[in-house]
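Take a look at the letters that make up each chain.
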Amino acid sequence: MNTSQPLAEVLTSLRVGNQSFLVSFYEQNRGLFARWARRQHNLAPAAAHELLRTVLVEFYDQVADGRITKLPPDLRAYLYGMAGEHLAAAGRTTAELPMAEASRRKYLLGLFRQLSTDCQKVLMYFYFRGYNFEKVAGKMGFANSTVARIQKAGCLRQLYELRLRNESASA
């Protein structure tokens, strides 16, 4: 990885939202990454490029959240490892759901989409990304973790009430 910036400056610029390093990394390495993904995981170039973009966004989130405090010695190897984990996780979730469960999830997703954008974000951060309340508060701009906990409880209450209203209307 050839960078004109020292590694500390790269992290600092990423934390303040400057993504130029990631854009240049993507442009310089997408061909190599596509070749690696084709050889190792039998991915088409377009799918490999999408995977690289996903991994770079995930890496950016880790830096912005403070989960990564220093750049790995070999950033390319680190990102390839993240991509491998991402593909392995996707491979584990390819089993089909029973029809009743798939229907229930589709119904709940419809209700979830009726919530406000902020409620959707809070619940996604907590339940699907596994963020603790402090991290949710930081991402959402709340004063502290207690506010995040109260917001999450309110959003769950709204989802529950939507479900009750929907079931009573259809009964």
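Scoring rules and cut-offs
- Residues numbered from 1 in each chain as written.
- Predicted model: local features only at pLDDT ≥ 70, side-chain atom pairs only at ≥ 80, totals over all residues.
- Heavy atoms only, no water.
- Helix = DSSP H or I, 4+ residues; strand = E, 2+ residues; numbered from the N terminus.
- Rg over C-alpha atoms; globule rule 2.2 N^0.38 Å.
- Buried < 20%, exposed > 50% of the residue type's maximum accessible area, 1.4 Å probe, protein only.
- Contact = heavy atoms within 4.5 Å.
- Phe/Tyr/Trp six-rings, centres within 6.5 Å; stacked < 30°, edge-to-face > 60°.
- Lys NZ or Arg CZ within 6 Å of the ring centre and 35° of its normal.
- Salt bridge = Lys/Arg side-chain N within 4 Å of Asp/Glu carboxyl O.
- pLDDT = per-residue confidence, 0-100.
- Axes fitted to C-alpha atoms, helices over the stretch in contact; angles between N-to-C directions.
- Left-handed = near helix turned anticlockwise from the far one by under 90°.
- Lys, Arg positive; Asp, Glu negative; His and termini not counted.
- Polar contact = N/O pair within 3.5 Å; in protein donor to acceptor, adjacent residues only side chain to side chain.
- Domains from an automatic or database assignment.

### Digging into the overall build of the protein
- Helices and strands together make up the secondary structure of the protein, namely eight helices and zero strands.
- For the protein, the sequential pattern of α-helices and β-strands runs α-α-α-α-α-α-α-α.
- A compact globule built from 171 residues would reach a C-alpha radius of gyration of about 16 Å, whereas the protein, at 20 Å, exceeds it by more than 25%.
- A principal-axis box enclosing the C-alpha atoms of the protein has dimensions of 65 × 40 × 20 Å.
- A burial count over the protein gives 29% of its 171 residues as buried.
- Counting only contacts in the protein whose residues sit at least 6 apart along the sequence, the fraction spanning at least 24 positions is 55%.

### Considering the packing of aromatic side chains
- This model, assessed by the stated rule, comprises eight aromatic pairs.
- An aromatic cluster is built from Phe 33, Trp 36 and Tyr 80, whose rings are joined through pairwise contacts.
- Sitting over the ring of Tyr 131, Lys 135 keeps its end group 5.5 Å from the ring centre.
- Its guanidinium or amino end placed over the ring of Phe 133, Arg 149 lies 5.2 Å from that ring's centre, counting from NZ or CZ.

### Let's talk about unusual backbone geometry
- Look at Asn 42: it is not a glycine, yet its phi comes out positive at around 60 degrees.
- Looking at the element boundaries, Asn 42 is found in the loop between α2 (20-41) and α3 (45-65).

### Some remarks on the pattern of salt bridges
- The final tally for this structure, using the stated rule, is six salt bridges.
- Measuring nitrogen to oxygen at the nearest pair gives 2.9 Å for the salt bridge that ties Glu 101 to Arg 104. Of the two residues, Glu 101 and Arg 104 both sit in helix α5 (residues 99-112), three residues apart, roughly one turn of that helix.
- Of the residues examined, Glu 101 reaches a relative accessible area of 22% and is grouped as partly exposed.
- Salt bridges sharing common partners tie together Asp 61, Arg 129 and Lys 139.

### Brief notes about the environment of Ser 116
- Inspection of the secondary structure puts Ser 116 in the loop between α5 and α6 (117-128).
- Linking Ser 116 and Tyr 80, residues 36 residues apart in sequence, is a C-alpha distance of 36 Å.

### Details of the confidence of the model for the protein
- Residues with a pLDDT of 70 or more make up 92% of the protein, whose mean pLDDT is 86.
- Between the elements of the protein, mean pLDDT differs from a low of 78, seen in helix α1 (residues 7-15), to a high of 93, seen in helix α8 (residues 145-170).

### Quick notes on the packing of α5 against α8
- Contact geometry for α5 and α8: axes closest at 10 Å, N-to-C directions at 115 degrees. Both α5 and α8 take part in a crossing whose hand is right-handed. Residues Tyr 107, Leu 108, Leu 111 and Phe 112 of α5 lie in contact with α8, whose contacting residues are Leu 159, Leu 162, Arg 163, Asn 166 and Glu 167.

### Side note on the side chain of Lys 152
- For Lys 152, the location among the structural elements is in helix α8.
- Glu 161 is the oppositely charged side chain nearest to the buried, salt-bridge-free Lys 152, at an N-O distance of 15 Å.
- Among the polar contacts made by the side chain of Lys 152, one reaches the side chain of Tyr 127 at a distance of 3.2 Å.
- Setting aside its immediate chain neighbours within four residues, Lys 152 contacts Val 122, Leu 123, Phe 126, Tyr 127 and Phe 133.

### A closer look at the domain arrangement of the protein
- Domain boundaries assigned for the protein yield domain 1 (7-91) and domain 2 (99-170).
- Distance from the C-alpha centre of domain 1 to the C-alpha centre of domain 2: 29 Å.

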